[in-house]
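Breakdown of the fold
Here is how the chains run, residue by residue.
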Amino acid sequence: MNKVLAAIAGTFFLLAGVYDCFDSAHHGKRRLKPFLMPLLTVFYVTSADEISWLVTAGLLLGGIGDTLLIHKQNGKALLGGTAAFLGGHLCYALRFLQDCRWGIIPEWSVLVLLGYAGYAAVFAPRLLRHVEKKLLAPVAAYMIGLLAMSILAFGRFSSGADSGRLLVWLGSVCFLLSDTILSFSIFARGSHRGVMETYLAAQTLIAIGFLHA
């Protein structure tokens, strides 16, 4: 693919991401956020030897979610952004599922799966008690979709461990961290520090991980 275009898109994505994180921390603004995932998508598409359209769709849906959640105080924008991100997680999950070979998952993977169960048991009840009744169903659906995506990323890694699959799984874990912080920020008025950094790490690791596939 066009390596020059990939280098340009990757450079602008990196600079824009750093600036957006700085701008958010110091001024509470998100001026460049709508451009970050389109730039990362261009980087991925122009770098990949074989493009996965599910990964591409996941990145672009993340960009739609980013744009809508700038106005997360608006209920419709919040639901729309959540739906876009859930759609992105489902695209990733379907792509991960293609590479999973459940018959060869090692025994030690049980420990990681217990970690996922512990995460759900600890954080889900604490978050949901802050959520309005009318939003309980979509928030719960999102949490299930997010967990399923990360578990499938782990299943993909554990059934054929390599550096690319490890990066993708680590990206999915960063998504868990980012969305946990964001959810408590929105519904329980917690701190939003770290949301953008872990989110950008998540999307970047997933994109780069598939370049190593």
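Residues numbered from 1 in each chain as written. Predicted model: local features only at pLDDT ≥ 70, side-chain atom pairs only at ≥ 80, totals over all residues. Heavy atoms only, no water.

**Notes on a nonpolar patch on the surface**
- A cluster of nonpolar side chains, namely Val4, Ile8 and Phe12, defines an oily patch on the protein surface of about 300 Å² accessible area.
- Inspection of the secondary structure puts Ile8 in helix α1 (residues 3-27). (Patch = residues over 30% accessible without salt bridge, like charges linked within 9 Å, V, L, I, M, F, W, Y side chains within 5 Å. Areas by Shrake-Rupley, 256 points an atom, 1.4 Å probe, with all protein chains shown as cover. Salt bridge = Lys/Arg side-chain N within 4 Å of Asp/Glu carboxyl O. Helix = DSSP H or I, 4+ residues; strand = E, 2+ residues; numbered from the N terminus.)

**With respect to the packing of aromatic side chains**
- If you walk through the whole model with that rule in mind, you get nine aromatic pairs.
- Each ring, one from Phe96 and one from Phe210, has its centre 6.1 Å from the other, and the planes form 5°; the classification is stacked. Taken together, the positions of Phe96 in helix α4 (residues 75-99) and Phe210 in helix α8 (residues 195-211) put the pair 114 residues apart, joining distant regions of the chain.
- Look at Phe96 and you get buried, because its relative accessible area is 0%.
- Aromatic side chains Tyr119 and Phe123 sit 5.2 Å apart centroid to centroid with 45° between the ring planes, which places their arrangement in the tilted category. Note that Tyr119 and Phe123 are positioned in helix α5 (residues 109-128) at a spacing of four residues, about one turn of the helix. (Phe/Tyr/Trp six-rings, centres within 6.5 Å; stacked < 30°, edge-to-face > 60°. Buried < 20%, exposed > 50% of the residue type's maximum accessible area, 1.4 Å probe, protein only.)

**A few points about the pattern of salt bridges**
- Tallied over the entire structure, the rule returns four salt bridges.
- One salt bridge connects Asp99 with Arg95, and the closest N-O pair in it is separated by 2.8 Å. With Asp99 and Arg95 both in helix α4 and four residues apart, the pair spans about one turn of that helix. Of the two residues, Asp99 and Arg95, neither departs from the other in class, the shared state being buried.
- Here Arg156 ties to Asp99 by a salt bridge, and the two come within 2.8 Å at their closest N and O atoms. Of this pair, Arg156 sits in helix α6 (residues 133-158) while Asp99 is found in helix α4, placing the two residues 57 residues apart along the sequence.
- Relative accessible area serves as the criterion here: at 18%, Asp99 is assigned to the buried category.
- A network of salt bridges, in which partner residues are shared, links Arg95, Asp99 and Arg156.

**Let's talk about the state of the cysteines**
- Under the criterion given, the structure shown has zero disulfides.
- For Cys174, which is in no disulfide, the shortest distance to another cysteine sulfur is to Cys21 and amounts to 12 Å. (Disulfide = S-S within 2.5 Å.)

The values are spatial; any link to function lies outside them.
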